[in-house]
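Spelled out, the chains give:
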Amino acid sequence: MARINHDTIDLWQGWQRRELRVDRCADCGTWVFPPRPFCPDCWSDTLVGTVLTGAGRLVSYSRPRVAPGAPPVVSGVVALTEAPGVRLLARIEGIEPERVTLGMQLALGWWEDAGGVYPQFGPVDADQVRLPADAARGADADADADAAGGAGQGAA
Amino acid sequence: MTGRERAAIVGIGWSELARDSGVGPGSLVARAARAAVLDSGVARDAIDGVVGVYGTDSPTLWPGYVVDALGLPDVRWWDTAQPPSVTALSTAANAVLTGNCDYALCYHGKYRWANTSVVGRGDPLRQAPAHEFDPGLDHALVEHGGSMLWAARVMREHMALHGSTREDFARISVNNRTNAARNPRAVFRTPLTVDDYLAAPMVDDPMCLLDMDAPIDGALAVVVTTERRARDLPHPSVLVEAFGSALPARNDGLLWPEADGIAARRAVGNLFARSDLTPADIDLAYPYDGFTILAMLWLEALYTKPGEGPALLRESWSDDEQRLRLFGRIPVCTHGGNLSEGRATQGFGSVIEAVQQLRGDAGERQVDAARSAVITGGMAGTNRSTILVGG
Ligand SMILES: [Zn+2]
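Residues numbered from 1 in each chain as written. Chains lettered and ligands numbered in written order. Predicted model: local features only at pLDDT ≥ 70, side-chain atom pairs only at ≥ 80, totals over all residues. Heavy atoms only, no water.

**Topic: the environment of B:Ala69**
Within the element layout of this structure, B:Ala69 appears in helix H2 (residues 63-70). Sequence spacing of B:Ala69 and B:Leu97 is 28 residues, and the spatial spacing of their C-alpha atoms is 26 Å. (Helix = DSSP H or I, 4+ residues; strand = E, 2+ residues; numbered from the N terminus.)

Encoded structure:
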C-alpha cells in the first residue's frame, strides 16, 4: 500500500490516471524528482509538471525472495531517458528474470492492485540482449547526464 | 597530530546482544550506559553530557530516558544522532572539546522492531517508545517496487560493472565469522566456509542471507572526555584522532545505487585530510558491514580505486586462517562485525572492539602492537561517517 503525503499526492493521483508526470524547472531546465518544494539547482519556485512517455534504462535490479509458488519479482531502478537525473523504483515485468540485464531499454506500463495503480517497466524489445560492456557504458553516460542536470554531484 | 587537544574514549560498556533479550529497549541502553560509566572510573555525578542514537528503523531512546534511568543529576549538554553511531561519538568528542560538557556518555541501542523480525511481529509488546522516529523506512515516494533492500541493487551493479563475484563477498562474510569465534559478545560464532556462503538462501538476489546482518536486541556505550582529563582515569587513553563524514547530493540509495560508494570515498577523504596518518599506516580496519557490499565499498574507499576491492580481497585472503589480512598485515573486523554481533550494533561494535584492541585488552583476539584503527559507519539513507582512533 502506498504511503502518500502532501508532497506526493499530485504524483500519486497522476498514477491513478496512468500518467507519469515529472516536474521541470521553468528557469534552468532541471528535472526535479521525487517531488521537491523548489528547484534544487537554481532554487526557482517555478516547477512545471511535464507528462513523459516513460522511456527508461535499467540502472540496477534485484530479485527479492517471494512466497513459494508466487511469480518472480524483479525490483528495478529505472533512469528515465526523457528526464536526465530522474529515476524510479519499479517492478520489471514481461521478461524472464534470467534475461534482465543492466542498461537494457525499458518502456513504461502500469499495474494495479486493490490499493491503486503503480508504474512498472518492461522491455522495449523482448529479444534484446545486451552485453555487460554496453551496460557499463550506459551507466557512465547516465552519470554524466546527471551531473550535467545540475543537482547531482560527480564521483569523488 | 600534535598541537591540538583530542577527545579520548575512557570507558566502554555493552548489554547482552541477543536474538530475544526479553527486556525492553530502555533496559538494554541503561545497562550498557551504566557499564560504560563504571568502566571509565568517572563518578556517576560527574557525567554531564549525554548523546545517543535516536532514529531510523527501530525504537531507540532519547537522552532524557538515559538521564532518568541512570539518575544523572547534572547533565548540562545533550544531543541525538542517527545510527550508525560514529557521528554520535564525534558529537560527544566535539562537546567535550568545546567545553559544553566534561564527560559525555555516548550510547547506541537497537531493538527488533515488529517490521524487522518475525519475533517482533508476533510480540504485541514490541512497540516504539513515545516520540519515536518513523520506523517504516519507507521510501518517501509511494511504491517500493518489491524490495526495500537497496543494497542488493548496489551489489548487482558492482558485480556487473566491476566483475565482483559471490566468492568475493563470501570472503567478507567468512572473515568476520572466523573472527567472531573468539568474540564472546558475538551472537553468531559458528565458523563458516565459502561453500557455506554459496549454499545460503537468497534473500534478494544477488544478496543472500550471509550478506546481511540479522536483527538483534542490544546496546553499547562509551564515555568520552578530553585527552587531559583522561590522564587521571584508570585505562590507557584511546584518542579520537580524526573524524570525517560525507553527505553528497543524490544520497537516496534506493534510487542511486552508486551513492554509497561515492559517499564512502568522500568521507574517507575528509577523514584523512584531518590526520597525518594514511590508510596504509592504520593497524586495524573496521569497514561497516551491515551488508557485505557496504564493507566492499568502504574497503575500496580506504585502499583502492573504485572497483578494485575484489582484487584486494583475493590478494588479502588467507586460506589457512580463513580470513583477510590486507597487504599481508591489516586484519579486518577483528570482532566479526555487524554480521556476527548483529544489527543491534550497527557499527558501534567496532568502536568497542577498537578501544579494547588499542588498550591491549582484547583477550584472545588481541592483535600485537595495534596502535591505530579506522572505523567506518553508515549506508544510504543514514549517515556515512568515519573515525580514526589511536592509542
Ligand atoms: Zn532551476
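**Structural notes on the sheet that holds strand E1 (residues 20-25) of chain A**
Residue and element names in this part refer to chain A. One open sheet accounts for 3 strands, arranged E2-E1-E3; its pairing is antiparallel. Two strands lie at the open edges of the sheet, namely strand E2 (31-32) and strand E3 (47-52), each paired on one side alone. Sheet topology places E1 next to E3; 6 bridges connect them, and they run antiparallel. Residue pairing across strands places arginine 21 opposite valine 51, the latter belonging to E3. (Pairing = 2+ DSSP bridges.)

**Some remarks on a nonpolar patch on the surface**
All names here are of chain B. On the surface, a cluster of nonpolar side chains totalling about 340 Å² of accessible area is made up of Trp62, Tyr65 and Trp78. Within the secondary structure, tyrosine 65 is located in helix H2. Classification of tyrosine 65 by relative accessible area gives partly exposed; the value is 35%. (Patch = residues over 30% accessible without salt bridge, like charges linked within 9 Å, V, L, I, M, F, W, Y side chains within 5 Å. Areas by Shrake-Rupley, 256 points an atom, 1.4 Å probe, with all protein chains shown as cover. Salt bridge = Lys/Arg side-chain N within 4 Å of Asp/Glu carboxyl O. Buried < 20%, exposed > 50% of the residue type's maximum accessible area, 1.4 Å probe, protein only.)

**Side note on helix H1 (residues 25-40) of chain B**
Given 3.6 residues to a turn, an α-helix orients residues that are three or four positions apart in the same direction. All names here are of chain B. Counted at 1.5 Å a residue, the expected span for H1 with its 16 residues is 22 Å, and the 23 Å between its end C-alpha atoms agrees. All of the buried residues in H1 are Pro25, Gly26, Leu28, Val29, Ala30, Ala32, Ala33, Ala36, Val37 and Ser40. Of the surrounding secondary structure, the elements contacted by the buried residues of H1 are strand E1 (7-14), H2, strand E4 (104-110) and strand E7 (218-226). (Expected span 1.5 Å × (residues − 1). Contact = heavy atoms within 4.5 Å.)

**Description of the coordination of the zinc ion**
Residues and elements named next belong to chain A. Distances from the zinc ion to its protein donors, namely Cys25 (SG), Cys28 (SG), Cys39 (SG) and Cys42 (SG), fall within the range 2.3 to 2.4 Å. Within one chain, the residues serving as donors to the zinc ion are arranged as C-x2-C-x10-C-x2-C. Placement of the pair is cysteine 28 in the loop between E1 and E2 and cysteine 39 in the loop between E2 and E3, with a sequence separation of 11 residues. With a relative accessible area of 0%, cysteine 39 lands in the buried category. (Donors = N, O, S within 2.8 Å, 3.2 Å for Na, K, Ca; no water.)

**Section: the domain arrangement of chain A**
Frequently, the measure chosen for interface size is the accessible area removed from exposure when the parts meet. All names here are of chain A. As assigned here, chain A comprises domain 1 (1-52) and domain 2 (54-156). Listed by partner, the interface residues are 15 residues for domain 1 and 19 residues for domain 2. Carbon and sulfur atoms make up 69% of the area that domain 1 and domain 2 hide from each other, which totals about 1500 Å². When the buried surface of domain 1 facing domain 2 is broken down by residue, Trp15, Arg18 and Leu52 rank first, second and third, together holding 38% of it. There are 1 salt bridge connecting domain 1 and domain 2. In this structure, arginine 18 engages glutamate 112 in a salt bridge whose closest nitrogen and oxygen atoms are separated by 2.6 Å. On the surface where domain 1 and domain 2 come into contact, there are 2 residue pairs in polar contact (both at pLDDT 80 or more). Broken down by secondary-structure element, the contributors of at least two residues to the side of domain 1 that touches domain 2 are helix H1 (9-16) and E1. (Domains from an automatic or database assignment. Buried area = accessible area lost by both parts, 1.4 Å probe. Polar contact = N/O pair within 3.5 Å; in protein donor to acceptor, adjacent residues only side chain to side chain.)

**Points about unusual backbone geometry**
Most peptide bonds are trans, and most residues other than glycine sit at a negative phi. Geometrically, the link from A:Phe33 to A:Pro34 is a cis peptide bond, its omega value of -5° lying close to zero. Here A:Pro34 lies in the loop between E2 and E3. Here the residue pair B:Asp205 and B:Pro206 is connected by a cis peptide bond, since its omega of 15° sits within 30 degrees of zero. With respect to the helices and strands, the residue B:Pro206 is situated in the loop between strand E5 (202-205) and strand E6 (207-208). One non-glycine residue, A:Arg18, lies in the positive phi region at around 60°. Mapped onto the elements, A:Arg18 comes out in the loop between H1 and E1. Relative accessible area serves as the criterion here: at 42%, A:Arg18 is assigned to the partly exposed category. The phi dihedral of B:Gln322 falls on the positive side, at around 55°, and the residue is not glycine. When you line up the elements, B:Gln322 lands in the loop between strand E10 (317-318) and strand E11 (323-326). Its relative accessible area of 23% is what places B:Gln322 among the partly exposed residues.

**Structural notes on the pattern of salt bridges**
Residue and element names in this part refer to chain B. Overall, the coordinates contain 24 salt bridges over all chains when judged by the stated rule. Here arginine 156 makes a salt bridge to aspartate 205, at a shortest N to O gap of 3.6 Å. Within this pair, whereas arginine 156 is found in helix H5 (residues 150-162), its partner aspartate 205 is found in strand E5, the two being separated by 49 residues in sequence. When sorted by exposure, arginine 156 lands in the same class as aspartate 205, which is buried. Of the charged contacts in the structure, one is a salt bridge between glutamate 341 and arginine 185, with a shortest N-O distance of 3.0 Å. On the criterion of sequence distance, the pair formed by glutamate 341 in helix H12 (residues 337-341) and arginine 185 in the loop between helix H6 (166-180) and helix H7 (194-199) is long-range, its members being 156 residues apart. Of the two residues, glutamate 341 and arginine 185, both sit in the buried class.

**What to know about the packing of aromatic side chains**
Residue and element names in this part refer to chain A. Inspection of the entire model under this criterion finds 7 aromatic pairs over all chains. Ring centres 5.6 Å apart and planes at 70° place the aromatic pair tryptophan 12 and tyrosine 118 in the edge-to-face group. With a gap of 106 residues between them, tryptophan 12 in helix H1 and tyrosine 118 in strand E8 (residues 116-123) connect regions that are remote in the sequence. The pair tryptophan 12 / tyrosine 118 is uniform in exposure class, with both members buried. Between tryptophan 111 and tyrosine 118, the aromatic rings sit 4.6 Å apart at their centres with planes inclined by 20°, giving stacked as the arrangement. Comparing tryptophan 111 with tyrosine 118 shows no difference in burial state: the two are buried. A connected cluster of aromatic rings, assembled from ring pairs, spans Trp12, Trp15, Trp111 and Tyr118. (Phe/Tyr/Trp six-rings, centres within 6.5 Å; stacked < 30°, edge-to-face > 60°.)

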